[in-house]
Amino acid sequence: QKEVEQDPGPLSVPEGAIVSLNCTYSNSAFQYFMWYRQYSRKGPELLMYTYSSGNKEDGRFTAQVDKSSKYISLFIRDSQPSDSATYLCAMSGRSGGSNYKLTFGKGTLLTVNP
Amino acid sequence: DGGITQSPKYLFRKEGQNVTLSCEQNLNHDAMYWYRQDPGQGLRLIYYSQIVNDFQKGDIAEGYSVSREKKESFPLTVTSAQKNPTAFYLCASSFGPSSGNTIYFGEGSWLTVV
């Protein structure tokens, strides 16, 4: 079993739809969870950062972490064509341990159609 | 503007040649990283450095070398020993352990072997 699993898509939705992106993981030591957005031929940019379980909201974006199920989600409300990108989940454990380095999902390609 | 600068953006290399990719950051970050991104493979860690004059191998270090003589700079050399060097290379940096290992990426360098 891979440490982080992410459905590669592609995912295609109409403008204004609610988008749900997900990752599952197997390492219970992960405590820090991130979502990155990567436009074509660009470097990834940090979108959301969450520590431990719970929800975090930032504008149209909501990140959820369920450590009991080892499942994280990113929701995009009122999706826009400018949201079309690849979304990468990433996670790491506590500093000083072997799980400290970030582990990335392979990314989900999202297209929002006008 | 604060950020991570990678150069060159595009680079062509003949087989048997070594090439060096530059990465400079002015974010005062302690840690720096090099990743390789291939289609369908996600991000793979090549080398990372948590402090000046020290660096560690990542998951795919063979055929690559790095140096960390200054806090701001972390150049990557792709040697002729790297069997399949054509890829998108990403440099990243972070404050280190206290930040939960949240990393920030540069815009990337495209290397093509001709």
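Our subject is the structure listed above.
Summary of the structure given here. Only a predicted model underlies this, so the values are computations on that prediction, with no experimental measurement involved. (Residues numbered from 1 in each chain as written. Chains lettered and ligands numbered in written order. Predicted model: local features only at pLDDT ≥ 70, side-chain atom pairs only at ≥ 80, totals over all residues. Heavy atoms only, no water.)

**Focus on the state of the cysteines**
Line of reasoning, step 1. Enumeration according to the criterion identifies two disulfides over all chains in this entry.
Line of reasoning, step 2. Covalently, C23 of chain A is tied to C89 of chain A through a disulfide, its sulfur atoms 2.0 Å apart. Between C23 of chain A and C89 of chain A the sulfur-sulfur dihedral comes to about -100°; the bridge is accordingly left-handed. Pair noted here: C23 of chain A is in strand β3 (residues 19-25) and C89 of chain A is in strand β9 (residues 85-92), with a separation of 66 residues, a long-range link. C89 of chain A carries the same exposure label as C23 of chain A, and that label is buried.
Line of reasoning, step 3. Each sulfur of the disulfide joining C23 of chain B and C91 of chain B lies 1.9 Å from the other. (Disulfide = S-S within 2.5 Å. Helix = DSSP H or I, 4+ residues; strand = E, 2+ residues; numbered from the N terminus. Buried < 20%, exposed > 50% of the residue type's maximum accessible area, 1.4 Å probe, protein only.)

**Description of the nonpolar core**
Line of reasoning, step 1. W35, I72, L74, Y87 and M91 of chain A are the most contacted members of the largest nonpolar core, which totals 24 residues.
Line of reasoning, step 2. Looking at this core, the elements that each hand over two or more residues are β3, β4 (32-38), β5 (45-51), β7 (61-66), β8 (71-76), β9 and β11 (108-113) of chain A.
Line of reasoning, step 3. In terms of nonpolar packing, the next biggest core, distinct from the first, is built from 20 residues, Y47, I60, A61 and Y64 of chain B among them. (Core = buried A, V, L, I, M, F, W, Y, C linked by side-chain atoms within 4.5 Å.)

**Some words on the environment of S84 of chain A**
All names here are of chain A.
Line of reasoning, step 1. Looking at where S84 falls in the secondary structure, it is placed in the loop between β8 and β9.
Line of reasoning, step 2. Linking S84 and E57, residues 27 residues apart in sequence, is a C-alpha distance of 20 Å.
Line of reasoning, step 3. Excluding anything up to four places from it in sequence, S84 contacts Y39, L110, T111 and V112.
Line of reasoning, step 4. There is a polar contact of 2.9 Å between the side chain of S84 and the backbone oxygen of P81.
Line of reasoning, step 5. Polar side-chain contacts of S84 include one of 2.9 Å to the backbone nitrogen of V112. (Contact = heavy atoms within 4.5 Å. Polar contact = N/O pair within 3.5 Å; in protein donor to acceptor, adjacent residues only side chain to side chain.)

**A short note on the pattern of salt bridges**
Line of reasoning, step 1. Taken as a whole and assessed by the stated rule, the structure comprises seven salt bridges over all chains.
Line of reasoning, step 2. The shortest N-O distance in the salt bridge between E45 of chain A and R37 of chain A comes to 3.2 Å.
Line of reasoning, step 3. Residue classification places E45 of chain A among the partly exposed residues on the basis of a relative accessible area of 32%.
Line of reasoning, step 4. Taking the shortest distance from any N to any O, the salt bridge between E57 of chain A and R77 of chain A comes out at 3.4 Å. Highlighted residues: E57 of chain A in strand β6 (residues 54-58) and R77 of chain A in the loop between β8 and β9, separated in sequence by 20 residues.
Line of reasoning, step 5. Since its relative accessible area comes to 58%, E57 of chain A is described here as exposed.
Line of reasoning, step 6. According to the relative accessible area criterion, R77 of chain A is partly exposed, its value standing at 30%.
Line of reasoning, step 7. One connected set of salt bridges, linked through shared partners, spans R36, D38 and R44 of chain B. (Salt bridge = Lys/Arg side-chain N within 4 Å of Asp/Glu carboxyl O.)

**Comments concerning unusual backbone geometry**
Line of reasoning, step 1. Geometrically, the link from G9 of chain A to P10 of chain A is a cis peptide bond, its omega value of 5° lying close to zero.
Line of reasoning, step 2. Position of P10 of chain A relative to the elements: it lies in the loop between β1 (4-6) and β2 (11-14).
Line of reasoning, step 3. The omega torsion of the bond from S7 of chain B to P8 of chain B falls at -5°, within 30 degrees of zero and hence cis.
Line of reasoning, step 4. In the Ramachandran plot, S52 of chain A falls in the positive-phi region, its phi being about 60° despite a non-glycine side chain.
Line of reasoning, step 5. Mapped onto the secondary structure, S52 of chain A falls in the loop between β5 and β6.

**Quick notes on the environment of Y48 of chain B**
Line of reasoning, step 1. You can see Y48 of chain B is positioned in strand β5 (residues 42-51).
Line of reasoning, step 2. On the accessibility criterion, Y48 of chain B (14% relative accessible area) is buried.
Line of reasoning, step 3. Sequence separation of Y48 of chain B and P75 of chain B is 27 residues, and the distance between their C-alpha atoms is 11 Å.
Line of reasoning, step 4. Contacts of Y48 of chain B, omitting those with residues within four sequence positions, involve K101 of chain A together with M32, Y33, F55, Q56, K57 and F74 of chain B.

Any functional reading would require information beyond the geometric quantities listed.
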